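# Examination of the molecular architecture
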Amino acid sequence: MPRKRLLAIMATAGVAVAGAAAAVIPMTSSNAAEACAAAYNNGAVYTGGAKVSYNSHNWTAKWWTQHEAPSTGGSGVWQDTGSCGGATTPPPGGGGGGTACNHPNWAAGTFYATGSIVKYTNGNYYRAKHENPGYDPVISTWYWEPFTCSGGGGGTTAPPPPPPGGGGGSTGFPVSEAQFNQMFPNRIGFYSYAGLIDAVKKFPAFTATGSATVKKQEAAAFLANINHESGGLVYVEEINQANWPHYCDASQSYGCPAGQSAYHGRGPIQLSWNFNYKAAGDALGIDLLHSPDRVKNEASVAYQTAVWYWMTQRGPGTMTSHDAMVNSRGFGETIRSINGSLECNGGNPAQVQSRVDAYNRFTAILGVSPGGNLSC
């Protein structure tokens, strides 16, 4: 991935997901255990900051999760906040407790200090757990947590979204495993369909915005671009090892702690450069700056970096690839956002055509028109 790809974190036109968080109210006795939060529901979706009770303990989710019961093992998504007792508290209602709902609207690219409270596009409020340059509160749950305020007609934790439509199985992803295998007949085992679906679940707006046709077009566009970047989901790491030492930007304050050659292209989008690994890791709640090999060793993480870039980065383009597809700007704009500085405007027409050919094949498999503006 060329250096110019990372320019700015952009807002995603997403449907917000949030956990069924519950207010935790201390019991009146000074030495009593904390009251139990709402009981854990294995079928519910929880995001960073969501609180539940399980096995007489309260737990707080660190990032997006579903179908993963609270424990101190597993992926580490749950933090044990101590034992609890007494009646389980109900979910908070609108208007009770907290501060008045008079906080500013969230804006991508705006610096937010720790403790800043914003109103997101879904009408719900989020508080910055860590300072950040305008990361999306729904995606970057390490930086943001749901916030409850009173008054103003809002401020409760965002409810879970409706299941995305578009077919493709119970996940809502509009590409079935059979269609995926048809698209990638030579893919290696690492790039599994299950790994893709696990990553997709962490970005609720991805291939879930607009009409059924738009959803399938976006899925085809994403898969066509990662097809090109990874040689048909065959390559996990950048082939030319001579380039590996070139992706360390020493001017960054955090440097290259994993080593000079540690930030070469990996995964289906070929994530490259130390600052890209840090930005992606921060947004996903994974320390990729110190552990970049997770992108080549864990299929879900590899796919997550690709969907993260698709949903949040505009690269050398003027919009994210997600925004290009859901706003009818066409497949050509996704190429511009991913590698436009090298391929578009006559830079490498053969590479552009390779992406377009894959997109046309994939939309045909999904039974939808490719739409217009296919090239850049």
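First things first, this report covers the structure right here in the doc. (Residues numbered from 1 in each chain as written. Predicted model: local features only at pLDDT ≥ 70, side-chain atom pairs only at ≥ 80, totals over all residues. Heavy atoms only, no water.)

### Observations concerning the overall build of the protein
Test applied: Each helix is a run of H or I in the DSSP string that is no shorter than four residues. Each strand is a run of E no shorter than two, and both are numbered from the N terminus. The buried label applies to any residue whose accessible area, calculated with a 1.4 Å probe on protein chains only, is under 20% of its type's maximum; exposed applies above 50%, and partly exposed to all values in between. Contacts are assigned to residue pairs that have any heavy atoms within 4.5 Å of one another. All accessible-area figures derive from a Shrake-Rupley calculation using a 1.4 Å probe, and residue coverage is judged against the displayed protein chains alone.
Per the secondary structure count, the protein includes 9 helices and 9 strands. Of all 376 residues assigned to the protein, the portion counted as buried reaches 52%. The long-range fraction of contacts in the protein, counting pairs at least 24 apart against all pairs at least 6 apart in sequence, stands at 59%. As displayed, the protein has an accessible area near 15,000 Å², and 51% of this comes from carbon and sulfur atoms.

### Remarks on helix H9 (residues 349-366)
Quick reminder of the rule: One less than the residue count of a helix, multiplied by 1.5 Å, gives the span that helix is expected to have.
Compared with an ideal rise of 1.5 Å per residue, which puts 18 residues at 26 Å, H9 spans 26 Å between its outermost C-alpha atoms and is within 8% of the ideal. Elements that come into contact with the buried residues of H9 comprise helix H1 (177-183), helix H3 (212-230), helix H7 (321-326) and helix H8 (331-343). Following H9 by one or two positions, Gly 367 has its phi on the positive side, about 75°.

### Side note on the packing of H8 against H9
Worth spelling out the cut-off: Helix axes are fitted only over the stretch in contact, all axes being lines through C-alpha atoms; the angle between N-to-C directions runs from 0 to 180 degrees. Angular relationships are summarised with four words: roughly parallel below 35 degrees, roughly antiparallel beyond 145, roughly perpendicular across 65 to 115, and oblique for the angles in between. Each crossing gets its hand from how the near helix is turned against the far one by less than a right angle, where anticlockwise is left-handed and clockwise is right-handed. In this classification, the charged set is Asp, Glu, Lys and Arg, the nonpolar set is Ala, Val, Leu, Ile, Met, Phe, Trp, Tyr, Cys and Pro, and all remaining amino acids, among them Gly, are polar.
At their nearest, the axes of H8 and H9 sit 11 Å apart, and the two run at 155° to each other. Taken as axis vectors, H8 and H9 run roughly antiparallel relative to one another. For the pair H8 and H9, the sense of crossing is right-handed. When H8 is examined against H9, the residues Phe 331, Ile 335, Ile 338, Asn 339 and Glu 343 are found in contact with a partner set consisting of Pro 349, Gln 351, Val 352, Arg 355, Val 356 and Tyr 359. Residues belonging to the contact of H8 with H9 are distributed by class as follows: 7 nonpolar, 2 polar and 2 charged.

### Focus: the pattern of salt bridges
This is how it is decided: A carboxyl oxygen of Asp or Glu within 4 Å of a side-chain nitrogen of Lys or Arg is what we treat as a salt bridge.
Applying the stated criterion across every chain yields a total of 10 salt bridges. Salt-bridge contacts for Glu 237 lead to Lys 296; the nearest nitrogen and oxygen are separated by 3.7 Å. A residue pair is termed long-range when its members are at least 10 positions apart, and Glu 237 in the loop between H3 and helix H4 (274-284) and Lys 296 in helix H5 (residues 294-297) qualify at 59 residues. Judged by relative accessible area, Glu 237 falls into the partly exposed class, the value being 24%.

### Focus: the sheet that holds strand E8 (residues 144-147)
For clarity, the threshold we go by: For two strands to be treated as a pair, DSSP must find no fewer than two bridges joining them.
The strand order E6-E7-E8 describes an open sheet built from 3 strands, whose pairing is antiparallel. Edge positions in the sheet fall to strand E6 (117-119) and E8, since each has one partner strand and no second. Between one strand axis and the next, the sheet turns by 35° as a mean value, whatever way the strands run. In this structure, strand E7 (residues 125-128) lies alongside E8, joined through 4 bridges in antiparallel fashion. Bridged to Arg 127 within E8 is Glu 145.

### Details of H3
Since there are 3.6 residues in each turn of an α-helix, residues three or four apart along the chain are aligned in direction. Spanning 19 residues, H3 covers 27 Å between terminal C-alpha atoms, matching the ideal 27 Å at 1.5 Å per step. Just past H3, the residue Gly 231 takes up positive phi, approximately 65°.

### Quick notes on the packing of aromatic side chains
As a reminder, the rule being used: Aromatic pairing here means that ring centres of Phe, Tyr or Trp (its six-membered ring) are within 6.5 Å. Orientation follows from the plane angle: under 30 degrees is stacked, over 60 is edge-to-face, and everything else is tilted.
Overall, the coordinates contain 17 aromatic pairs when judged by the stated rule. A centroid spacing of 6.0 Å and a plane angle of 90° characterise the contact between Tyr 40 and Trp 78, whose relative ring orientation is edge-to-face. Note that Tyr 40 is positioned in the loop between strand E1 (34-35) and strand E2 (51-54) and Trp 78 in strand E4 (residues 78-85), a separation of 38 residues in sequence. Summarising the burial analysis for this pair, Tyr 40 and Trp 78 share the class buried. With a centroid separation of 5.9 Å and an interplanar angle of 80°, the aromatic rings of Tyr 120 and Tyr 126 are classed as edge-to-face. The structure contains a cluster of three or more aromatic residues connected by ring pairs, namely Phe 173, Phe 206, Phe 222 and Trp 310.

### A closer look at the sheet that holds E2
Taken in spatial order, the 4 strands line up as E1-E4-E3-E2 in an open sheet, and their pairing is mixed. Taken across any chain shown, the strands that pair with only one partner, and hence form the sheet edges, are E1 and E2. Here E1 pairs with E4 via 2 bridges, running parallel. Residue pairing for E4: Ala 35 is matched across the bridge by Gly 85.

### Some points on the packing of H3 against helix H6 (residues 299-312)
Packing of H3 against H6 brings their axes to within 12 Å, and their N-to-C directions diverge by 120°. Comparing the axis directions of H3 and H6 gives the class oblique. You can see that H3 and H6 cross each other, and the crossing is right-handed. On the side of H3, the interface is formed by Glu 218, Ala 221, Phe 222, Asn 225 and Ile 226, while H6 contributes Tyr 303, Ala 306, Val 307, Trp 310 and Met 311. When grouped by side-chain class, the residues that make up the contact of H3 with H6 number 8 nonpolar, 1 polar and 1 charged.

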